[in-house]
Every structure is written in C-alpha cells, then in structure tokens.
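So you can see what is in the structure, the chains are spelled out below.
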Amino acid sequence: MIDTSSPARKKAPATAPRHPRLMKTLAGFLLFSATAATTMAATPNPAKTRAYIDKAWNTLTRSMDDCAALADTKVAGHPVLYFPANLPVPTRLADIGKRCGVDVEKLPRAIERLGDIDARKLPAQGLLYLPHPYVVPGGFFNEMYGWDSYFIVLGLVADQRTELAKDMVDNALFEVEHYGGVLNANRTYYLSRSQPPFLSAMMVSVLDDPASFADAEARRAWLARAYPLAVRNHDIWTMPEHRAGDTGLARYDDLGSGPVLEAHDSDYYRGVIKWLRAHPADDPGYLLKATQHPDDAEAARLKQESCDVRASKVCAGAWYDGYRLTADYYHGDRAMRESGFDTNAHFGPFGGSTHHYAGVGLNSLLYRYERDLHDFALQLGKAGEAERWAKAADARKAAMDKYLWRAQDGMYRDYDFVAGKSSPWPYITTFYPLWAGAASAQQAAAVRGKLAVFERKGGLSMDNRPAGVQWGDPFGWAPTNWLAVSGLDAYGFHDDARRIAGKFTATVDRGFADDGTIREKYNMALGNADVKVSAGYSQNVIGFGWTNGVYLKLQEILHHAKTKVAPAAAEAR
C-alpha cells in the first residue's frame with residue numbers, strides 16, 4: 001500500500017512555519033532524547049524510562065504566556081490567537097501578542113454549540129485561547145488534544161502533578177463553555193468536531209484525588225460549576241448529527257463538509273484515490289468520475305456530489321486518473337478524525353465509512369459518561385437528574401446489547417446502521433464496555449476469552465487484519481491497551497491485566513532503550529517501536545503524552561494489584 005499521510009492527526013507540512021522559541025523547545029527535547037539514547041545502556045531499564053517521563057511533563061507543557069505555545073507547526077501562515085467573543089481580552093494577552101508576534105483576534109460571535117462558527121469563513125486559522133497551562137501530546141503537536149488529555153491527566157495525577165491535571169480539566173470545561181464542546185484540539189479548524197468523550201472521566205480523576213482541592217467545600221463548588229458544562233458536552237452526542245439512525249446509539253460525525261481545513265495540500269486525498277483505483281474490489285463507492293478542471297456546470301454538480309472545487313484548493317486538487325471522492329467519503333473522513341482512529345481500515349478503507357457505524361467504543365464511553373453524570377448529580381443533591389442519567393445509561397446499555405453484542409462471537413462488534421449489519425471484523429474496542437462497566441459478568445468473561453485475537457509479544461494489537469494503517473494490526477497504542485487492562489482488572493481478571501500491563505510497559509522500555517524516546521504507538525508483534533505504516537499517517541511521534549500517562553498507570557497495576565471490583569463493574573454484574 002502507498003503512503004498517504006493523513007493531515008488530520010496529524011502530519012507536519014513540509015514547509016512548516018519556523019518559530020524561534022518553538023524550534024528551541026523542540027531542539028531541546030530532541031537533544032535530551034539523543035543524549036539519553038547515547039548514554040543509557042542497551043538493556044531496558046524502567047527507572048530510566050520513569051526519569052524520562054518526569055522530565056517530559058515539563059517539556060510538553062504549554063501556556064499562553066509562552067511564545068512557543070502560539071505557533072502552529074502543521075499549517076503555514078502568520079500565527080493568530082483567537083479569544084471568545086463574549087469575553088473581554090485581557091491586557092496581558094494583547095501584550096503577549098506583541099511580544100510573540102502573534103495577532104490576537106476575537107471570534108466573530110459567541111458559540112452556543114459545536115459548529116456554530118464555520119471556520120472556513122474566518123480570515124485565517126489560528127489557536128483558540130485556553131486560560132491554564134496544558135500538556136501537548138509531543139513532537140509537532142503544539143495544542144491540547146481532546147482524548148489525549150484524559151490519559152495525560154491520568155498520568156499527571158499518578159505523578160502527583162495535581163495542579164496541572166486540574167488545569168487540563170478546567171481547560172476542557174472552558175472549551176465547552178466558549179467553543180461548543182471539548183474539541184479535537186484548540187485550533188479554529190477543529191471547531192466542527194469533538195473527539196472521544198472522556199470529559200466526565202477526566203473530572204472523576206481530579207475529584208478522586210484528595211490533593212486537588214483544599215477541602216470538601218471547594219470540591220463541591222468546583223463540581224457545581226463543572227457539572228452543567230459536562231452535561232452540555234454530553235449533549236453533543238445526542239444531536240441529530242450524532243445519532244446512529246434509530247438504534248438509540250451514537251456515531252462519530254463532523255459538522256463540516258469537504259476536505260478538512262487542516263489539510264495543507266491535496267496529497268492525502270489523491271493518495272486515497274490512487275489506492276482505491278489500484279484496489280477496485282475494495283472501493284465501497286467512494287469514487288466519482290469527474291474531470292480534473294471542471295467547467296461551471298460540473299463544478300456546481302461536484303459541490304453537491306463531492307466538494308466545492310471553486311472554494312477549496314485542496315478539493316480542486318483532489319483528483320487522479322479521472323476520479324474524485326464522493327461527498328459521503330468526505331463525510332466519513334471527517335468522522336474518522338473525530339473518532340481519533342485516523343487512519344484505520346476497520347470503518348471502510350481509510351475510515352471513510354466511520355459515520356455509518358454505531359461504534360462500540362463511542363457508546364461505551366457515553367455509557368460511562370452517563371453513569372458519571374448520575375454520580376455527579378447525586379453528589380450535588382440533584383436526585384431527579386441522577387435518576388434521568390441512570391435511565392439514559394440503562395437505555396444505552398440495552399441498545400448496546402441489542403446492536404453491538406454478538407453472543408455467537410463472544411465479542412462486541414460495531415454496527416453499520418446504514419447497511420443494517422454488524423462489522424465482520426474484531427476490533428480492540430470490544431474491551432471498552434469492560435472499562436465502562438457496561439458488560440455483564442458473562443459478557444466480560446466471553447470478551448476475556450478472546451484475548452488471543454489481539455494479544456502479541458508487546459501487548460494488545462488493534463485487530464488481527466494487517467492493512468498497513470496505524471490503527472490496525474500489528475500496531476498497538478497506550479490508550480487502547482490501558483482501557484483493556486483497566487477493564488479486565490475491574491472485572492476480576494487480574495492475572496490477564498498484569499500480564500498485558502507487563503508486556504506493554506516492557507515494549508515502552510525496549511523502545512526507550514533503543515532510541516531514548518517514548519513514542520505515540522508501538523509494534524505489538526515485535527514488542528518495540530519499529531512502526532512502518534504504509535497507508536495513512538506514517539510518522540511515529542516522540543514525546544509522548546498519553547504513553548507517559550498510561551505507562552505510569554500500568555506500573556500501578558503491576559505494583560499495586562487490585563483486590564476488589566471497581567464500582568461501575570460491580571453495578572453492571
């Protein structure tokens with residue numbers, strides 16, 4: 001398969017803008033990594049991995065006071081910092097803009113819900129203001145990402161960096177209040193989509209840490225302010241655009257259309273067309289015959305059937321061998337990026353049918369979210385609202401059992417509600433219901449019995465279908481390994497949890513011994529960081545925030561074996 005590196009999450013442009021402070025920060029990070037690589041012994045050493053993580057938190061931390069935080073390494077152009085329309089711009093922010101050479105602008109209007117502002121109509125794309133420091137994933141990702149942040153917060157709490165963990169959650173709540181929801185990341189080109197909904201779980205991580213608040217009164221006051229914002233963020237997933245037909249379940253979606261705005265050229269989309277032309281039997285109908293230089297009549301038709309070639313240079317350039325991509329493909333491409341699984345082959349080639357699926361992962365997260373909202377409401381004395389959330393969670397579980405549970409396979413499977421059938425392929429998200437507490441004891445045992453489908457030398461692979469994409473076999477990721485390990489542990493499968501935790505942490509240790517860095521993804525078959533992706537996003541970025549966090553949590557599993565079932569799992573049994 002060919003390399004069609006994805007611009008969504010996330011590919012640095014060949015001509016990325018150079019910002020002196022940012023380049024200095026990245027250079028320092030790389031120097032630290034190189035020094036570690038040359039001075040350490042080749043033998044994996046968890047103590048050295050741990051020392052790297054301690055230093056990496058500081059390296060990966062950004063704030064609006066730091067010029068390095070304001071540049072975008074993925075999109076060329078003069079940096080712009082946008083501030084909410086309904087808030088006065090602080091004097092210090094204007095001063096920072098002058099000092100850092102950044103334009104400080106207000107958004108054109110207040111945002112009530114996701115998608116209220118069409119980012120295509122902004123004069124320039126830019127960074128969205130956040131009030132507190134935050135940890136970025138790593139490498140060229142210079143903003144706070146949606147689902148990355150949950151695993152980063154877990155690590156910060158585990159590492160007793162309580163203030164920074166709480167800052168991260170407060171930033172996510174600020175996004176909900178002023179930008180319509182927890183965003184893919186705090187950039188204007190993400191104003192049309194969210195990411196996997198971990199906000200309530202982030203809140204729980206902070207609320208459960210005694211060091212987060214001065215006293216019980218401060219804790220309750222924070223929860224009282226955060227709870228309605230958490231509800232508002234949940235409402236994103238019950239919008240018509242996010243409903244999976246009449247299943248009662250949710251799907252991933254993006255409220256924009258056409259090629260994503262963060263695509264700096266047409267290379268990715270041309271690569272998709274080339275691959276589909278070379279594999280016609282695998283084309284679900286993503287290709288549309290069209291000319292390279294359409295006249296006005298054809299351009300008007302393509303605006304409905306494909307994308308607007310007159311308004312988007314990326315759209316205009318997305319042509320190869322007599323073909324363009326359909327509007328439905330672009331819809332799925334955007335939804336795939338909201339899912340965080342970019343790029344995968346599980347929801348159609350290049351994830352182009354993601355919006356057709358009620359996903360096991362998403363609906364497990366929402367079940368857990370609704371259980372968390374129930375608990376928050378009880379803590380605030382809102383018994384009526386607590387009952388409503390309990391009923392919502394129960395209804396979602398019933399729908400999951402109806403559409404997603406496959407007793408004959410002993411797995412949860414994603415459901416294509418457009419075609420009216422389950423996915424024929426297993427995916428690592430079958431473990432998510434265990435993390436969420438949505439599985440019965442019998443379902444959990446059946447899923448546990450399928451570990452061999454995913455388990456490799458280095459931990460759990462995404463699936464068992466090598467397709468050359470990063471969210472597929474033989475590759476594995478910290479977040480999916482953590483959710484599976486945590487879920488298994490919660491249902492009493494402690495030996496399995498510890499075994500997989502040991503495998504994945506050993507993989508991180510081996511990778512670190514090899515090159516002195518921690519990566520965003522790993523090769524589960526080899527048990528190292530040797531990742532060669534042939535289709536889609538192909539880099540293996542260093543840093544790396546969520547791997548750091550999960551590593552610390554897996555070490556807790558290894559060194560402090562749990563002796564009781566987690567409350568959510570106990571309720572579900």
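Because the structure is a prediction, the values reported are computed rather than measured. (Residues numbered from 1 in each chain as written. Predicted model: local features only at pLDDT ≥ 70, side-chain atom pairs only at ≥ 80, totals over all residues. Heavy atoms only, no water.)

1. A closer look at the overall build of the chain
Spelled out, the test is: A run of H or I in DSSP becomes a helix once it reaches four residues, and a run of E becomes a strand once it reaches two; helices and strands are each numbered from the N terminus. Put simply, the radius of gyration uses C-alpha atoms, and a globule should come to 2.2 Å times the residue count raised to 0.38. Note on definitions: a residue-residue contact is assigned when non-hydrogen atoms from the two residues lie within 4.5 Å. Per-residue and other accessible areas follow the Shrake-Rupley method at a 1.4 Å probe size, with only the shown protein chains counted as cover for residues. Charge assignment: positive for Lys and Arg, negative for Asp and Glu; neither His nor the chain ends contribute. Where a charge sits is defined by one atom per residue type, namely NZ (Lys), CZ (Arg), CG (Asp) or CD (Glu).
A count of helices and strands for the chain gives 20 helices and 16 strands. Scaling as 2.2 N^0.38, a compact globule of 573 residues should have a C-alpha radius of gyration of about 25 Å, and the chain matches this with 23 Å. By its C-alpha atoms, the chain is 70 × 60 × 60 Å across when sized along the principal axes. For the chain, the proportion of contacts with a sequence separation of at least 24, taken over those separated by at least 6, is 74%. Element-wise, carbon and sulfur atoms account for 53% of the exposed surface of the chain, whose accessible area totals about 20,800 Å². Computed over 67 positive and 66 negative side-chain charges, the inter-centroid distance for the chain is 2 Å.

2. Looking at the pairing of strand 2 (residues 80-83)
Operational definition: In this scheme, a residue with accessible area under 20% of its type's maximum is buried, one over 50% is exposed, and one in between is partly exposed, where area comes from a 1.4 Å probe on protein chains only. Strands pair, by our definition, only if DSSP identifies at least two bridges between them. Look down the strands so they point away from you; if going from the first strand over the helix to the second traces a clockwise path, that crossover is right-handed.
Along strand 2, one buried face is formed by Val 80 and Tyr 82 and the opposite face, lined by Leu 81 and Phe 83, is buried too. As paired strands, strand 2 and strand 3 (residues 103-106) are joined by four bridges and run parallel to one another. Opposite Tyr 82, over in strand 3, you have Glu 105 as the bridge partner. Taken together, strand 2, helix 3 (residues 91-100) and strand 3 constitute a β-α-β crossover, and its handedness is right-handed. Judged from the two bridges that link them, strand 2 and strand 4 (residues 127-128) form a sheet pairing that is parallel. Bridge pairing links Tyr 82 to Leu 128 in strand 4.

3. A few points about the nonpolar core
Rules: Put simply, buried Ala, Val, Leu, Ile, Met, Phe, Trp, Tyr and Cys residues joined by side-chain atoms within 4.5 Å make one nonpolar core.
Membership of the largest hydrophobic core comes to 150 residues, with the highest contact counts inside it found for Phe 151, Tyr 179, Met 203 and Trp 482. Beyond its immediate chain neighbours, meaning those up to four positions away, Tyr 179 contacts Tyr 82, Pro 84, Leu 107, Ile 111, Leu 114, Leu 128, Tyr 129, Leu 130, Phe 174 and Leu 191. Ranked by size, the runner-up nonpolar core spans 29 residues in total, among them Trp 275, Cys 307, Ala 318 and Tyr 329.

4. Topic: unusual backbone geometry
Here the bond from Asp 342 into Thr 343 is cis, since omega is 10°, no more than 30 degrees from zero. Backbone torsion omega between Asp 473 and Pro 474 reads 5°, so that peptide bond is classified as cis. Tracing the sequence through the fold places Pro 474 in the loop between strand 14 (459-460) and strand 15 (475-477). For Asp 321, which is not a glycine, the phi torsion comes out positive at approximately 55°. Tracing the backbone shows Asp 321 in the loop between helix 10 (313-317) and strand 7 (323-325). Positive phi, normally seen in glycine, also occurs at Phe 350, with a value near 60°. Using a relative accessible area of 2% as the deciding quantity, one classes Phe 350 as buried.

5. As for the state of the cysteines
We count it as follows: For the purposes of this analysis, a disulfide is any pair of cysteine sulfur atoms at a distance within 2.5 Å.
Enumeration according to the criterion identifies two disulfides in this entry. Across the disulfide, Cys 67 is cross-linked to Cys 100 (sulfur-sulfur distance 1.9 Å). The sign of the -75° torsion about the S-S bond sets the Cys 67-Cys 100 disulfide as left-handed. Here Cys 100 lies in helix 3 and Cys 67 lies in the loop between strand 1 (61-62) and strand 2, a separation of 33 residues in the sequence. An identical accessibility class is assigned to Cys 67 and Cys 100; each is buried. Disulfide partner of Cys 307: Cys 315, at an S-S distance of 2.0 Å. One disulfide, between Cys 307 and Cys 315, carries an S-S torsion of 90° and so falls in the right-handed class. With a relative accessible area of 4%, Cys 307 lands in the buried category.

6. Some remarks on empty space enclosed by the protein
Condition: A cavity here means a set of points on a 1 Å grid, drawn over the protein atoms and nothing else, where a 1.4 Å probe fits but cannot get out; a pocket is an open set with protein on both sides within 12 Å along at least five of seven lines, and a residue lines either one if it has an atom within 4 Å of a point. Grid points are joined across faces, edges and corners, and a volume is the space filled by probe spheres set on the points. Only Asp, Glu, Lys and Arg are considered charged in this grouping, and only Ala, Val, Leu, Ile, Met, Phe, Trp, Tyr, Cys and Pro are considered nonpolar; every other residue, Gly among them, is considered polar.
Considering all chains together, one arrives at three cavities of 30 Å³ or more under this definition. Taken as a whole, the largest cavity spans an internal volume of roughly 130 Å³. A total of four residues in the lining of the largest cavity trace back to one element, the largest contributor, which is helix 12 (residues 360-379). Residue composition of the lining of the largest cavity, by class: 11 nonpolar, five polar and one charged.

7. Comments concerning the sheet that holds strand 8 (residues 357-358)
In space, the three strands of this open sheet follow the order 8-11-12, with antiparallel pairing throughout. Of all strands in the sheet, those bounded by a partner on one side alone are strand 8 and strand 12 (421-422). By the bridge criterion, two bridges tie strand 11 (residues 415-416) to strand 12 in an arrangement that is antiparallel. Residue pairing across strands places Tyr 415 opposite Ser 422, the latter belonging to strand 12.

8. Considering the sheet that holds strand 3
Strand order across the open sheet formed by three strands is 3-2-4, with parallel pairing between neighbours. A strand with exactly one partner marks an edge of an open sheet, and here the two such strands are strand 3 and strand 4.

9. Some words on the pattern of salt bridges
Inclusion rule: Think of a salt bridge as a Lys or Arg side-chain nitrogen and an Asp or Glu carboxyl oxygen that are within 4 Å of each other.
On inspection of all chains with the given rule, the structure shows 37 salt bridges. Across the pair Arg 499 and Asp 496 runs a salt bridge, and its minimum N-O distance is 2.9 Å. With Arg 499 and Asp 496 both in helix 18 (residues 494-515), this residue pair falls three residues apart, about one helical turn. Exposure remark for Arg 499: the relative accessible area of 33% places this residue in the partly exposed category. Salt bridges sharing common partners tie together Arg 448, Glu 455, Asp 496, Arg 499 and Lys 503.

10. Side note on the confidence of the model for the chain
Which entries qualify depends on this criterion: Residue-level confidence of the predictor is summarised by pLDDT, bounded by 0 at the bottom and 100 at the top.
This prediction gives the chain a mean pLDDT of 91; 91% of its residues lie at or above 70. Taken as a whole, residues 1-41 scores under 50 in pLDDT and shows 116 contacts with residues more than four places along the chain or in a different chain.

11. Some details on the environment of Asn 540
To keep it simple, the criterion reads: Under the rule applied, a polar contact is a pair of N or O atoms within 3.5 Å (in protein, one hydrogen donor and one hydrogen acceptor; residues adjacent in sequence only if both atoms are side-chain atoms).
Tracing the backbone shows Asn 540 in the loop between strand 16 (521-523) and helix 19 (545-559). When the C-alpha positions of Asn 540 and Thr 73 are compared, they lie 16 Å apart, and in sequence the two are 467 residues distant. Setting aside its immediate chain neighbours within four residues, Asn 540 contacts Arg 519, Glu 520, Lys 521, Ala 529 and Val 531. Here the side chain of Asn 540 touches Glu 520 through a polar contact of 3.5 Å, landing on its backbone nitrogen.

12. Some thoughts on the side chain of Asp 496
On the basis of relative accessibility, which here comes to 6%, the residue Asp 496 falls in the buried class. Leave out the neighbours within four places in its chain, and Asp 496 touches Arg 448, Leu 451 and Leu 488.

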